[in-house]
Amino acid sequence: MDIKKLRQGSLIKISPRENEEGYLAIQEIQKDNIIGEMLVPRQGYHFRIKFYEIIPIPINEKWLSKAGFTKDENDKNLWKDCNQHLDFFFSDKDKKFIDAGTLIGKVQVEFVHDLQNGYLFLTGKELNITV
């Protein structure tokens, strides 16, 4: 996992040594760890996590739905943005943002934090994800 792709607000999965696995929103990135707020299972609890305890969350239909995208009725690979800012193309071959029928970018969006980063970069707005 490329730690440089993480930022404040990035959603990640954690597997800390002595605690249970869960989802965390990053609040601060330090030299060799992050501080974040637990979203599930113990909402509001703050963790200090080593980088090796971070597990990126793979993009799938469940996470696209949690991010507010809905599957297009006519194209099973097209996911519509409920805020009408930017759509997403999700197939075995491509996982990219799409605008006016054109796929955007050369790099695949593989993880939830990549989806968050791309959405912010392309729209100037944060992507709200319900965990």
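Up top you'll find the structure we're talking about.
Quick look at the structure, then. What you are looking at is a predicted structure, and each value in this text was computed from that prediction instead of being measured.

All right, on to the packing of aromatic side chains then. Summed over all chains, the structure comprises six aromatic pairs. Summarising the aromatic geometry, the rings of F69 and F88 are spaced 6.3 Å apart at their centres and angled 55° between planes, so their arrangement reads as tilted. Taken as a pair, F69 in strand β6 (residues 69-71) and F88 in strand β8 (residues 87-90) lie far apart in primary sequence, 19 residues in all. Across the pair, exposure class does not vary: F69 and F88 are buried alike. Ring geometry for F88 versus F97: centroids 5.2 Å apart, planes at 85°, classification edge-to-face. The class for F88 is buried, based on a relative accessible area of 0%.

Mapping K66 onto the fold places it in helix α1 (residues 61-66). Assessed through its relative accessible area of 25%, K66 is described here as partly exposed. The sequence separation of K66 and K93 amounts to 27 residues, and the corresponding C-alpha distance is 22 Å. Residues in contact with K66, not counting those within four places in the same chain, are N128, I129, T130 and V131.

What follows covers the pattern of salt bridges. According to the stated counting rule, one finds five salt bridges in the structure shown. R7 is paired through a salt bridge with E126; the nearest N and O atoms lie 3.1 Å apart. Residue R7 is found in the segment before β1 (11-14), and its partner E126 is found in the segment after α2 (112-123); the two are separated by 119 residues along the sequence. Accessibility expressed as a relative area gives 43% for E126, which makes it partly exposed. For D32, the salt bridge is made with K50, and the minimal N-O distance between the two is 3.7 Å. Taken together, the residues D32 in the loop between β2 (22-29) and β3 (33-40) and K50 in strand β4 (residues 46-50) connect sequence positions 18 residues apart. The exposure class of D32 is partly exposed, given its relative accessible area of 40%. Note on K50: relative accessible area 32%, which makes it partly exposed.

About the thresholds
Position labels on residues start from 1 in each chain and follow its written sequence. Given that this is a predicted model, residues contribute local features only at a pLDDT of at least 70 and side-chain atom pairs are listed and counted only at 80 or more, while totals for whole chains, interfaces and linings are drawn from all residues. Each side-chain value is worked out from all heavy atoms of the structure, with water and hydrogens disregarded. Here is the rule: rings of Phe, Tyr and Trp (six-membered ring for Trp) pair when centre to centre is within 6.5 Å. Planes less than 30 degrees apart are stacked, more than 60 are edge-to-face, and the remainder are tilted. Secondary structure counts use DSSP, requiring at least four H or I residues in a row for a helix and at least two E residues in a row for a strand, with both numbered from the N terminus. The rule is simple: take the accessible area with a 1.4 Å probe, protein chains only, and divide by the maximum for that residue type; under 20% is buried, over 50% is exposed, in between is partly exposed. By definition in these notes, contact holds between two residues if any of their heavy atoms fall within 4.5 Å. Whenever Lys or Arg places a side-chain nitrogen within 4 Å of a carboxyl oxygen from Asp or Glu, that contact is recorded as a salt bridge.

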